[in-house]
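Examining the three-dimensional arrangement
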Amino acid sequence: MASLNAKTRDMSKKAKTLRREGLITASMCGKDLPESLSLVIDANEATQFMKNHHVGSEATLVVDGKDYDTMIKSADKDHLNTRFLDMTFQHLIATEKVKGVAEIVLLNEDRTNGFLTRDISTVEYKAYPKDIVDKIEIDVAKLPIGTELTVADLDIAKNKDIDVTTPLDSSVLHIAEHQHMDAAAEAVLEADEEAAAEKEAEAAK
């Protein structure tokens, strides 16, 4: 599990001041914690960390040198979506189920056998920490034309230790044949292209 460093926040400093110092605000909650912890994280470290993680990912949060097994619950960015402003974490307890979000990652999209339509990008679920799913990978190059995948078809939905909360009949993706223009449509397109070329030629004289 990847780790991310954090420090206890100095509550006398406002968020804007902390951001000018290159820090972002953060917090960690958990039923086994006496109270939520207010934290700060180096902004650059958070940005690098989130390149390979997302909301729903597990992370070892190192707070003032102490390790906590956590799940990323939120990661807020500015209105330009260019930098992180705040993150929240949930401390994981081995005997308690947690709400999670698994990211759907499509592999080999450039080798899809037909026209690919993607309908959802995440699956929500509840599970114990040992069963947390970070990513669901689907190799679309192996799927034939006519494939229609729903959440029920995914391995996560077939795992008896995981309670999927996204409706099982939700469409994940489907692959259709590439549509080809008939001869008449192609002739019209060619005529339009020729007419446009002639106009350009006339204008160039």
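Residues numbered from 1 in each chain as written. Predicted model: local features only at pLDDT ≥ 70, side-chain atom pairs only at ≥ 80, totals over all residues. Heavy atoms only, no water.

1. Focus on the sheet that holds strand E4 (residues 58–63)
For clarity, the threshold we go by: For two strands to be treated as a pair, DSSP must find no fewer than two bridges joining them. Under the DSSP-based scheme used, a helix requires at least four consecutive residues in state H or I and a strand at least two consecutive residues in state E, with every element numbered from the N terminus. In this analysis an axis means a line fitted to C-alpha atoms, helices contributing only their contacting stretch, and an angle means the value between N-to-C directions, from 0 to 180 degrees. Residue contacts are defined here by distance: any two heavy atoms, one from each residue, within 4.5 Å place the two residues in contact.
Read around the barrel, 6 strands follow the order E1-E3-E2-E6-E5-E4 and close on themselves; strand pairing throughout is mixed. Taken over all neighbouring pairs, the strand axes of this sheet differ in orientation by 45° on average, direction set aside. Pairing geometry for strand E5 (residues 66–77) and strand E6 (residues 84–91), over 7 bridges, is antiparallel. Bridge assignment links Thr70 to a residue of E6, and that residue is His91. Each of strand E1 (3–8), strand E2 (23–29), strand E3 (37–42), E4, E5 and E6 is contacted by helix H2 (residues 43–50), which is oriented at about 85° to E3, the strand it contacts most.

2. A few points about the packing of aromatic side chains
Centre-to-centre distance and the angle between the planes together describe a pair of aromatic rings. What counts here: Each aromatic pair joins two rings of Phe, Tyr and Trp (for Trp, the six-membered one) with centres within 6.5 Å, and gets the label stacked for planes under 30 degrees apart, edge-to-face for over 60, and tilted for any other angle. Should the NZ of a Lys or the CZ of an Arg lie within 6 Å of a ring centre and within 35 degrees of the ring normal, that charge is described as sitting over the ring.
Using the criterion set out here, one finds 0 aromatic pairs in the structure. Of note, Lys77 hangs over the ring of Phe84, and the distance from its end group to the ring centre comes to 4.8 Å.

3. Some words on H2
Definition in use: The buried label applies to any residue whose accessible area, calculated with a 1.4 Å probe on protein chains only, is under 20% of its type's maximum; exposed applies above 50%, and partly exposed to all values in between. Directions pointing from the helix axis toward each C-beta atom define the arc. What qualifies as a polar contact is a pair of N or O atoms within 3.5 Å, subject to a donor-acceptor requirement within protein and to the restriction that residues adjacent in sequence count only when both atoms come from side chains.
Listed in full, the buried residues belonging to H2 are Ala46, Phe49 and Met50. Angular distribution of buried residues about the axis of H2 spans 90°; they occupy a single face of the element. Turning to H2, the residues buried within the fold contact E1, E2, E3, E4, E5 and E6. Regarding H2, its N-cap is Asp42, as a side-chain oxygen of that residue lies 3.0 Å from the backbone nitrogen of Asn44 further along.

4. Some thoughts on the sheet that holds strand E13 (residues 171–176)
With respect to topology, 3 strands assemble into an open sheet ordered E8-E13-E11, the strand pairing being antiparallel. The strands lining the two open edges of the sheet, one partner per strand, are strand E8 (115–118) and strand E11 (148–150). Pairs of neighbouring strands in the sheet enclose a mean axial angle of 10°, with direction left out of account. Of the strand pairs in this sheet, E11 and E13 are connected by 3 bridges, and their pairing is antiparallel. Residue pairing for E13: Thr150 is matched across the bridge by Ser171.

5. Topic: the pairing of strand E10 (residues 135–139)
Burial of the side chains of E10 is restricted to one face: Ile136 and Ile138 are buried, whereas none of Lys135, Glu137 and Asp139 on the reverse face is. Strand direction decides the pairing type here: strand E7 (residues 98–107) and E10, joined by 5 bridges, are parallel. Paired with Leu107 across the strands is Asp139, a residue of E10.

6. Let's talk about unusual backbone geometry
One non-glycine residue with positive phi stands out, namely Asp64, at about 50°. Residue placement: Asp64 occurs in the loop between E4 and E5. In this structure, Asn81 is a non-glycine residue whose phi angle is positive, near 60°.

7. Concerning a negative patch on the surface
Filter applied, for reference: Residues forming no salt bridge and having over 30% relative accessible area are the ones grouped into patches, like charges within 9 Å of each other and nonpolar side chains (Val, Leu, Ile, Met, Phe, Trp, Tyr) within 5 Å. Residue burial considers only the protein chains on display, and all accessible areas are found by Shrake-Rupley using a 1.4 Å probe. A pair is scored as a salt bridge if a Lys or Arg side-chain nitrogen falls within 4 Å of a carboxyl oxygen belonging to Asp or Glu. Positive: Lys, Arg. Negative: Asp, Glu. His and the chain ends are not part of the count. Every charge is mapped onto a representative atom, which is NZ of Lys, CZ of Arg, CG of Asp or CD of Glu.
Negative charge collects at one region of the surface, where Glu190, Asp192, Glu193, Glu194 and Glu198 lie side by side. Assignment of secondary structure puts Asp192 in helix H4 (residues 183–204).

8. Some thoughts on the nonpolar core
Quick reminder of the rule: The term nonpolar core refers to a set of buried residues drawn from Ala, Val, Leu, Ile, Met, Phe, Trp, Tyr and Cys, joined through side-chain atoms within 4.5 Å.
Val123, Tyr125, Ile136, Ile138, Ile156, Val172 and Leu173 are the most contacted members of the largest nonpolar core, which has 25 residues in total. Residue assignment for this core shows that the elements contributing at least two residues are E7, strand E9 (122–127), E10 and E13. In this structure, Ala26, Met50, Ile72 and Phe89 belong to the second largest nonpolar core, which totals 19 residues.

9. Thoughts on a positive patch on the surface
A grouping of Lys31, Lys73, Lys99 and Lys126 is seen on the molecular surface, where their side chains present a positively charged patch. Note on placement: Lys73 falls in strand E5.

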